[in-house]
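# Summary of structural features
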Amino acid sequence: MAAARKTAIICTNDAWTLYHFRGSLMRALQQRGFDVIAAGPRDRHAALVEKMGVEFAHIPMDWSGLNPARELVTLWHLYRLYRRTRPALVHHFSHKAILYGSLAARFAGVPGIVNTVNGLGSTLGEAEGLLKRLQPLIIALMRFALRPPVRVTFQNADIRDFYLDRSIVRPEQMSLILGSGIDTRKFTPGAKDLATRQVQFLMFSRMLWAKGVAEYCQAAEIVGKDNTLADKPRFTLVGGADPGNQSGVDQVWLSNPQTIPGDWLVDQAARGFVNWRSHQENMLPILGGADVVVLPSYYPEGVPRSLLEAMSCGRAIITTDTPGCRDVVEHGVNGLLVKPRDAEDLARAMATLAADPERVAEMGKASRRLVSEKFSDERIIDQTFATYGLAGVTV
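Attention in this report is confined to the structure presented alongside it. Just so it is clear, the model here is predicted, and its values are computed rather than measured. Note that residues are indexed from 1 along each chain, following the sequence as it is written. Per-residue local features of the predicted model are confined to residues with pLDDT of at least 70, and side-chain atom pairs are confined, for both listing and counting, to 80 or more; whole-chain, interface and lining totals are unaffected and use all residues. Each side-chain value is worked out from all heavy atoms of the structure, with water and hydrogens disregarded.

## Describing the overall build of the chain
The test is simple: Here a helix means four or more residues in a row that DSSP labels H or I, a strand means two or more in a row labelled E, and each is numbered from the N terminus. Put simply, the radius of gyration uses C-alpha atoms, and a globule should come to 2.2 Å times the residue count raised to 0.38. Contacts are residue-level and defined by heavy atoms, with any inter-residue pair within 4.5 Å sufficient. Working definition of accessibility: Shrake-Rupley area with a 1.4 Å probe, residue cover restricted to the visible protein chains. Only four residue types enter the tally: Lys and Arg on the positive side, Asp and Glu on the negative side; His and the chain ends are excluded. Note that the charge is assigned to NZ on lysines, CZ on arginines, CG on aspartates and CD on glutamates.
Along its length, the chain carries 15 helices and 13 strands. Taking 21 Å as the expected radius of gyration for a compact globule of 395 residues, we find that the chain reaches 21 Å, a close match to that expectation. Overall, the C-alpha framework of the chain stretches about 70 × 45 × 40 Å when taken along its three principal axes. Of all intrachain contacts in the chain linking residues separated by at least 6 positions in sequence, the fraction that spans at least 24 positions is 69%. Taken as a whole, the chain presents about 17,100 Å² of accessible surface, with 51% of it coming from carbon and sulfur. Taken as two groups, the 46 positive and 40 negative side-chain charges of the chain have centres that lie 7 Å from each other.

## What about the sheet that holds strand β4 (residues 89–93)?
Applied cut-off: At least two DSSP bridges between two strands are required for those strands to pair. Here, axes are lines fitted to C-alpha atoms. For helices the fit covers the stretch in contact, and angles between N-to-C directions go from 0 to 180 degrees.
Pairing is parallel in the open sheet, where seven strands are placed in the order β3-β2-β1-β4-β5-β6-β7. Strands at the two margins of the open sheet, each flanked by one partner only, are β3 (55–58) and β7 (174–176). Looking at each pair of strands side by side, their axes are set apart by 20° on average, direction ignored. Taken together, the four bridges between strand β2 (residues 35–40) and β3 define a ladder with parallel strand orientation. Paired with I37 across the two strands is E55, which belongs to β3.

## Topic: the packing of helix α12 (residues 305–312) against helix α14 (residues 357–374)
This is how it is decided: Here the angle decides the label: under 35 degrees means roughly parallel, over 145 means roughly antiparallel, 65 to 115 means roughly perpendicular, and every other value means oblique. The residue classification treats Ala, Val, Leu, Ile, Met, Phe, Trp, Tyr, Cys and Pro as nonpolar and Asp, Glu, Lys and Arg as charged. All others, Gly included, are polar.
At a closest axis distance of 7 Å, the pairing of α12 and α14 adopts a crossing angle of 115°. In this view, α12 runs roughly perpendicular relative to α14, as classed from their interaxial angle. Of α14, the residues touching α12 (which contributes L308, M311 and S312) are S367, R368, L370 and V371. Classifying every residue of the contact of α12 with α14 by side-chain character gives four nonpolar, two polar and one charged.

## Examining the nonpolar core
Rules: Take the buried residues of types Ala, Val, Leu, Ile, Met, Phe, Trp, Tyr and Cys, join any two whose side-chain atoms come within 4.5 Å, and each joined set is a nonpolar core. Accessible area is worked out with a 1.4 Å probe on protein chains only. A residue is then buried under 20% of its type maximum, exposed over 50%, and partly exposed in between.
Counting 55 residues, the largest nonpolar core has F201, L237, I318 and M350 as its most contacted members. Excluding residues that lie within four positions of it along the chain, F201 makes contacts with Y216, P233, R234, F235, T236, V292, V294, I318, M350, L353 and A354. Counting 40 residues, the second largest nonpolar core, distinct from the first, contains L75, L78, I139 and I159.

## Let's talk about α14
Note the following rule: Expected helix span is given by 1.5 Å per residue-to-residue step, counting one fewer step than there are residues.
Spanning 18 residues, α14 covers 26 Å between terminal C-alpha atoms, matching the ideal 26 Å at 1.5 Å per step. What α14 keeps buried is the set P357, V360, M363, G364, A366, S367, L370 and V371. Contacts from the buried residues of α14 go to β11 (292–295), α12, β12 (316–320), β13 (335–338) and α13 (343–354).

## Focus: the pairing of β11
Residues of β11 alternate between two faces, with V292 and V294 on one and V293 and L295 on the opposite face, all of them buried. Sheet topology places strand β8 (residues 200–204) next to β11; two bridges connect them, and they run parallel. For F201, the partnering residue across the bridge sits in β11 and is V292. Bridge count between β11 and β12: four bridges; the pairing is parallel.

## Observations regarding the side chain of H279
As a reminder of what qualifies: The term polar contact refers here to a pair of N or O atoms within 3.5 Å; inside protein, the definition further demands a hydrogen-donor-capable atom paired with an acceptor-capable atom, and it admits residues adjacent in sequence only when both atoms are side-chain atoms.
Residue placement: H279 occurs in the loop between β10 (275–277) and α11 (284–288). Given a relative accessible area of 17%, H279 falls into the buried group. In this structure the side chain of H279 is engaged in a polar contact, spanning 3.2 Å, whose partner is the side chain of E281.

## A word on the packing of α13 against α14
Where α13 contacts α14, the axes come no closer than 6 Å and their chain directions differ by 100°. On the basis of their axis angle, the class for α13 and α14 is roughly perpendicular. Where α13 abuts α14, its residues T352, L353 and A354 lie against P357, R359, V360 and M363. Residues of the contact of α13 with α14, tallied by class, amount to five nonpolar, one polar and one charged.

## What about unusual backbone geometry?
Most peptide bonds take the trans configuration, and most residues that are not glycine carry a negative phi. The omega torsion of the bond from P148 to P149 falls at 15°, within 30 degrees of zero and hence cis. For P149, the location among the structural elements is in the loop between α6 (129–145) and β6 (151–154). Unusually for a residue other than glycine, S94 sits at a positive phi of about 85°. By secondary structure assignment, the location of S94 is in the loop between β4 and α4 (95–108). In the Ramachandran plot, S167 falls in the positive-phi region, its phi being about 55° despite a non-glycine side chain. Topologically, S167 is positioned in the loop between α7 (157–165) and β7.

Any functional reading would require information that these geometric values do not contain.
What follows is the structure in structure tokens.
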């Protein structure tokens, strides 16, 4: 008689992330014989998850809301899902999923509970108003929810130390896993000839002020006005919504108070230094035309996915010397680190690479080597499965 199949649930706060960032993990669990359920708010990307043969369980989750009644509804839906499906393993990403999912899993008697903290975000990072006043309560609740035997992984050492310093987790229950992994067979280098054309700079991300979008545009203008450069570089910015058509961008992103208005992006493009394009579902063609990918972020990152995609495609990197960002760049080897919130320092780094295409090409090769060695799907999934074993679940 065949053994009963085990169930694993992967939970986060939006379906886009489940498909694009957790898809490889869910496929790997399926290959190990698990029935996999993806849990989170249903949107148009849920259908893509279901095409993978993964059940999608809708969980109402207002990522930025603080209404107690709605928060209890989220907790109740998670508890009901865990009681109904009796999973052997639940793995949560994002702060709300981690907090409410861990509580629900404890109440439902789930044997294997794993959480991945992929950034501090506004929940535990810099905040204002009511959220800032609530942070001590959130930390206390997290401390209760994440008690052993719950396992917790962190995407960089700075986030890990934040949790350890506040006694939210204990050293023996945590692991450090850099990033969510990248499919190095999908994101591959293309043929480039930098000797015969301008260096192409690209920034793509959520359009949040803290991602350094304004600094990128300011630096592009500084470099664009620099008459000492023989070959003027080109600058592209991708992300956000066209103010006349927001249908291509999920409302969960647009509702973030840090979101940059579409009108501001249109105005920046009109200045003539940056070519702006709204959010693109498929970045591969645009990455294929870039030479250097830039992320001047001062957001409390985990390991930025955009930089891993760029590195896997063999692109040089310019990013800030901040947690998460600095973890993917060896300064002077595969890219350059710059000061956060400093458009002039960023412009100097851009001008340096714009004047040295051969160095850009060598940095791109180094990026590909580094991502293959440290951040590939295979490596990250192996480390994640080892964490499942520490949580008592054999994979």
